[in-house]
Amino acid sequence: MISLTNIVKRYKMGEEEFKALDGVDLSIQRNEYVALIGPSGSGKSTLMNLLGCLDTPSEGRYILNGRDTSTMNDNELAKVRNEEIGFIFQSFHLLPRMSVLHNVMQPLVYRGIPSAQRAKMATQALDKVGLSHRMGHRPNQLSGGQRQRVAVARALVGTPSILLADEPTGNLDSKTSAEIMALFDELHQQGQTVIVVTHEPDIAAHCHRTIRMSDGKIVQDSINPARVKQ
Amino acid sequence: MYAFLEAFRAAMSSLMANRMRSFLTTLGILIGTGSVIAVVSLVQGFSESIKSQFADVGGSTMTLQAVNNNENFRTGKLNNITFDDVDALRYRVPGVGVVAPIMQVQTAGASYKGRTASPQIIATTTEFQAVRARYPEFGRFIVESDDKGRRRVAVIGAQLRDDLKMAENPVGEYFRIGNEWFKVVGMMEKQGELLGFSQDNYAVIPFDVGRALMGNNNEPFISASFTVQKMEEAEQVRERVKRAIRASRGLKPGQDSDFKVEAADTFIKQFEEITATATAVLGGIVGISLLVGGIGIMNIMLVSVTERTREIGILKALGATRRDILIQFLLEAGLLALLGGIIGIILGYLVGMGIASMIPGFPPAQAPLWVVIAAAGFSALVGVVFGIMPASKAASLDPIEALRFE
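Here is a short report on the structure shown in this document.

Here is what the cut-offs are and how they apply
Residues numbered from 1 in each chain as written. Chains lettered and ligands numbered in written order. Predicted model: local features only at pLDDT ≥ 70, side-chain atom pairs only at ≥ 80, totals over all residues. Helix = DSSP H or I, 4+ residues; strand = E, 2+ residues; numbered from the N terminus. Rg over C-alpha atoms; globule rule 2.2 N^0.38 Å. Buried ≥ 20, exposed ≤ 12 C-beta atoms within 10 Å, placed from the backbone. Contact = placed C-beta atoms within 7 Å. Pairing = 2+ DSSP bridges. Axes fitted to C-alpha atoms, helices over the stretch in contact; angles between N-to-C directions. Nonpolar A, V, L, I, M, F, W, Y, C, P; charged D, E, K, R; others polar. Left-handed = near helix turned anticlockwise from the far one by under 90°. Core = buried A, V, L, I, M, F, W, Y, C linked by C-beta atoms within 7 Å.

What about the overall build of chain B?
Working step 1: Looking only at helices and strands, chain B has 15 helices and 14 strands in total.
Working step 2: At 32 Å, chain B has a C-alpha radius of gyration far larger than the 22 Å of a compact globule built from 406 residues.
Working step 3: On the principal axes, the C-alpha backbone points of chain B span a range of 100 × 55 × 40 Å.
Working step 4: For chain B, the residues scored as buried account for 42% of the 406 residues in total.
Working step 5: For chain B, long-range pairs separated by at least 24 residues make up 83% of all intrachain contacts whose partners lie at least 6 apart in sequence.

Spelled out as structure tokens, the structure:
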């Protein structure tokens, strides 16, 4: 489903050019559960931005569901983000002025779905994360774990191909972290493709496949036997 | 369309989230539109009231008057319309309808049961009624036999009746103009006030009675009002009248006319020109104040875009295109200005009404719909135009940078 071929991403730092990604080849199949790990500066954030179509590579090809995204313009990328990617961020990134329900409805706005249907779909997504009783609340009235579950509902509402989570438990205590990861496990079991960017081994241990990045390259790509057997 | 509605909702909610700031941001627009509506509503109320005073005297009525320059006044050799001129007007110009000679009679005022008043005394003929389109409320107007028989009768205005404290229906009462007794035969419909002066403080007496009242010591100063038979021939009739009066006054070719023939609506036309000029000048001033208001909106919107960088990043990550973001911020700026404009219109109108009611005799303020719509539309336009820069700044933010923004 995801196929990266010889991806290079260059940034200019003043006069000098610097390669954040240096020839990455990667392919991820449907319903994989992948952890992307590595120290900061290893290129994992850059890779995540590319996977999430927030950015395009300087070189190489990124095929997502049979479509080459490397050459897409801003509008096409926005459409792909809307339809194929469900983002989950470390600091939740909910819209503070909107209710929980409207936060979850927001991605559907850009698909031109009528309001009544949006509300229905958002309610279903909130049901999935067990928060449909909090629809009318503002994000700041919820705990961190609840906020992240709202973010998960928002990521799921458009039935994306990939759930892309960037340090999803970075701002949570260990108990709520475990709850969120249990939610990911469950979503994976329901057939969702999940990619988690993390630097915590505990979190990576939930995933079936671990990709380790260093200096813009993939240095390790291993299957987690304990998890796959299940 | 959905996208537009959603953008509208989003813009509304972000304006509401910062009510105080939104209000202060749009204050410039509010004051700009408010002041223009206040002034325009006063000018319009004023001009509407003047127009309605003249509404009954249409373009088919014209006046023949003598023209005197400063030299004439200095030497005392005043030009005057003569009775021959009136006859010429009446009998020698095809297309002229009825002619009413009008003489302003200078007298010592009016009195009734020991009470006195200073009405305007108009000596004229029965045609005056047709020319001026005024009708009696009680009794009748001057008739031909009044003039022929030199009857001492008068038709008065409502203000004179009130000043002299006559009965509600004054017909049949006797009062004095100067030293002469007059019988009231009618009272005309009330005209109201114009610029604080009553239009009903007058007495109309038969023309020949007026001449007798003036005595022989004075050459009466007269003018003539007349109608044209066909409205569409007004200009031709006017030219014919000019030629006939030149002939009757014995003016040689090349000599300047010492009289003028004016349509009754000339004054209205001049007045309209004045108000149009005033409105244009005001429009310019308002344009500048809206410009300043627009710059205020642009400034705050730029700040707001910076503040909301992360929100923009989130929306982009969720799939908002440049266009979605652009429309949302443009709408926000436009709505902000429009709301300011609408509040300004309401406040301006209230201020206009307040001022109008504080000046005695000033007509009530009027805000015509086109001015209201133009003011609202223009302020919204200012918002959108000055929103372009902040909105395109928001739209072109890089989603990765924006998401990372703290």
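That shown, we press on.
Re the overall build of chain A
Working step 1: Across its full length, chain A carries 8 helices and 10 strands.
Working step 2: In terms of overall size, chain A behaves like a compact globule, its C-alpha atoms giving a radius of gyration of 18 Å where 230 residues would be expected to give roughly 17 Å.
Working step 3: Residue burial in chain A is summarised as follows: out of 230 residues, 47% are buried.

So, the sheet that holds strand β7 (residues 162-166) of chain A
All names here are of chain A.
Working step 1: Pairing within the open sheet is mixed, and its 6 strands lie in the order β6-β7-β8-β3-β9-β10. Each edge of the open sheet carries a strand with a single partner, namely β6 (85-88) and β10 (217-223). Neighbouring strand axes in the sheet, compared pairwise and without regard to direction, differ in orientation by 20° on average.
Working step 2: Alignment of strand β9 (residues 209-214) against β10, held across 6 bridges, turns out to be antiparallel. Residue pairing across strands places R209 opposite I223, the latter belonging to β10.

Observations regarding the interface of chain B and chain A
Working step 1: Of the residues lining the interface, 19 residues belong to chain B; the matching set on chain A comes to 19 residues.
Working step 2: If you list the elements that add at least two residues to the side of chain B that touches chain A, you get α1 (2-17), α12 (309-317), α13 (322-358) and α15 (399-404) of chain B.
Working step 3: Ranked by residue count, the leading element in the side of chain B that touches chain A is α1(B), at 6 residues.
Working step 4: Here the side of chain B that touches chain A is composed, by residue class, of 10 nonpolar, 4 polar and 5 charged.

Concerning the packing of α13(B) against helix α14 (residues 369-395) of chain B
Each pair of packed helices can be described by the angle between their axes along with the distance between the axes.
Residues and elements named next belong to chain B.
Working step 1: Across the interface, α13 lies against α14 with an axial gap of 7 Å and an inter-helix angle of 150°. Every pair of crossing elements has a handedness; the one defined by α13 and α14 is right-handed.
Working step 2: Residue composition of the contact of α13 with α14, grouped by class: 22 nonpolar, 7 polar and 2 charged.

What to know about the nonpolar core
Working step 1: Of all hydrophobic cores here, the largest spans 120 residues; its most connected members are A:L36, A:V104, A:A153 and A:V196.
Working step 2: The element best represented in this core is α13(B), accounting for 14 residues.
Working step 3: Once residues lying within four places of it in the same chain are set aside, the contact partners of A:A153 are A:V104, A:A125, A:L126, A:K128, A:V129 and A:L131.

Considering the pairing of strand β8 (residues 174-177) of chain B
All names here are of chain B.
Working step 1: Alternating residues of β8 divide into F175 and I177, all buried, and Y174 and R176, none buried.
Working step 2: Sheet topology places strand β3 (residues 110-112) next to β8; 2 bridges connect them, and they run antiparallel. Residue pairing for β8: A110 is matched across the bridge by I177.
Working step 3: In this sheet, strand β9 (residues 180-188) lies alongside β8 in antiparallel orientation, the contact comprising 4 bridges. Bridging across to β9, F175 finds its partner in F182.

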